[in-house]
Amino acid sequence: INPFKVLESQKKEGHISTNIIGIGASAGGPRALCEILKIFPADICGTIVVQHMSDNNIYPFAQYLDKFCKVIVKVAHENDLIRDGVVYIAKQKQHLIIKRQKDGFHLHYINGARINCVCPSIDVMFYSMAKQAGRSSIGVLLTGMGNDGAKGLKKMKDFGAFTIIQNKETSELYSMPLEAKKINGYLQELALQDIGLYLVQYLKNKGKEGKIDGK
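Below is a short write-up of the structure.

Some remarks on unusual backbone geometry
Move 1: Omega for the peptide link from Cys 119 to Pro 120 comes to 10°, which places this bond in the cis form.
Move 2: Within the secondary structure, Pro 120 is located in the loop between strand S6 (104-110) and helix H4 (122-133).
Move 3: A positive phi angle, close to 70°, is found at Asn 79, a residue other than glycine.
Move 4: Note that Asn 79 resides in the loop between strand S3 (72-75) and strand S4 (86-89).
Move 5: We note that Asn 184 has phi near 60°; this positive angle belongs to a residue other than glycine.
Move 6: Look at Asn 184 and you get partly exposed, because its relative accessible area is 43%.

Here's what the structure looks like:
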């Protein structure tokens, strides 16, 4: 019996998410994402990931993560309703955004030019999270080259979201977190090995304080 198949069959999507995590990464991101997602419990809030990667690698990467994570990891589909216990990875060549609708937060792909030389852009995702989810969202900017995600993370912070950047010592490339740091777009700078546990604890504490609807 393949133990991975047993694990997958037991994993179920949770409740409709009232909080959302957004994670952006580029060079060095796959390893960083593995470190973080393997910590997540099966009932953590829905998580959206923009990882700069070729389309050919996105689906195998999602399947690889799904095998050893407690959460479900899959490539995001158009109009997915964001649920607890699921990590949605953006496919390439279209930007991925969220929209608050009557029944919860939905994912939508939009066509558009490259932003910061990339598509999907972390900035585009973070901007939508800032405006649609506000204080109900958390933004995490990981290792990567360039500046994608920095301004979007700052926008999230300005709209009341909690924002985290990966520190220099554990980043394969510190350019993206550094750009966010330069414009004061973060509230915490953490080592990679601490980010997953920090997010879990932060959400537990937030739950005790009561849900914030982001309005």
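Read on, since the account is not over.
Quick word on the sheet that holds strand S8 (residues 162-166)
Move 1: Strands sit in the order S3-S4-S2-S1-S7-S8-S9 across an open sheet of seven strands; the sheet is parallel. Only two strands of the sheet have a single partner each, and these edge strands are S3 and strand S9 (188-190). The sheet shows a mean angle of 20° between the axes of neighbouring strands, taken without regard to direction.
Move 2: Relative to S8, strand S7 (residues 137-141) runs parallel, the two being bridged by four bridges. Across the sheet, residue Leu 141 finds its bridge partner in S8, namely Ile 165.
Move 3: In the packing of helix H3 (residues 55-68) onto the sheet, contacts are made with strand S2 (47-51), S3 and S4, and the angle to S3 comes to roughly 175°.
Move 4: Contacts from helix H5 (residues 150-158) reach S7 and S8 within the one sheet, and its direction differs from that of S7 by about 155°.

A short note on the nonpolar core
Move 1: Within the largest apolar cluster, 62 residues are counted, with the highest numbers of intra-cluster contacts made by Ile 21, Phe 40, Ile 48, Ile 89, Ile 98, Val 140 and Leu 142.
Move 2: Among the elements that make up this core, the one with the highest residue count is H4 (six residues).
Move 3: Residues within four places of Ile 48 in sequence aside, it is in contact with Ile 20, Ile 21, Gly 22, Ile 23, Ile 82, Tyr 88, Leu 96, Ile 98, Leu 107, Met 125 and Met 129.

Observations regarding the packing of aromatic side chains
Move 1: For the structure on display, the rule yields three aromatic pairs.
Move 2: Aromatic side chains Tyr 64 and Phe 68 sit 5.3 Å apart centroid to centroid with 70° between the ring planes, which places their arrangement in the edge-to-face category. Here the residue Tyr 64 and the residue Phe 68 both occupy positions in helix H3, the gap between them amounting to four residues, near one helical turn.
Move 3: Given a relative accessible area of 47%, Tyr 64 falls into the partly exposed group.
Move 4: Taken together, a centroid distance of 5.9 Å and an interplanar angle of 20° make the contact between Phe 162 and Tyr 198 stacked. On the criterion of sequence distance, the pair formed by Phe 162 in strand S8 and Tyr 198 in helix H7 (residues 192-209) is long-range, its members being 36 residues apart.
Move 5: With a relative accessible area of 26%, Tyr 198 lands in the partly exposed category.
Move 6: Ring pairs connect the aromatic residues Phe 162, Tyr 198 and Tyr 202, which therefore count as one cluster.
Move 7: Geometry around Tyr 109 places Lys 91 over its ring, the cationic atom sitting 4.8 Å from the centre.

Re the pattern of salt bridges
Move 1: Within this structure, the stated rule accounts for eight salt bridges.
Move 2: With a closest N to O distance of 3.8 Å, Arg 83 and Glu 13 form a salt bridge. With Arg 83 in the loop between S3 and S4 and Glu 13 in the loop between helix H1 (3-10) and strand S1 (20-25), this pair connects stretches of sequence that are 70 residues apart.
Move 3: A salt bridge links Glu 35 to Lys 38; its shortest N-O distance comes to 3.2 Å.
Move 4: A relative accessible area of 27% means that Glu 35 is categorised as partly exposed.
Move 5: Residues joined in a network through salt bridges with shared partners are Glu 13, Lys 74, Asp 80 and Arg 83.

Reading the values: the criteria
Residues numbered from 1 in each chain as written. Predicted model: local features only at pLDDT ≥ 70, side-chain atom pairs only at ≥ 80, totals over all residues. Heavy atoms only, no water. Helix = DSSP H or I, 4+ residues; strand = E, 2+ residues; numbered from the N terminus. Buried < 20%, exposed > 50% of the residue type's maximum accessible area, 1.4 Å probe, protein only. Pairing = 2+ DSSP bridges. Axes fitted to C-alpha atoms, helices over the stretch in contact; angles between N-to-C directions. Contact = heavy atoms within 4.5 Å. Core = buried A, V, L, I, M, F, W, Y, C linked by side-chain atoms within 4.5 Å. Phe/Tyr/Trp six-rings, centres within 6.5 Å; stacked < 30°, edge-to-face > 60°. Lys NZ or Arg CZ within 6 Å of the ring centre and 35° of its normal. Salt bridge = Lys/Arg side-chain N within 4 Å of Asp/Glu carboxyl O.

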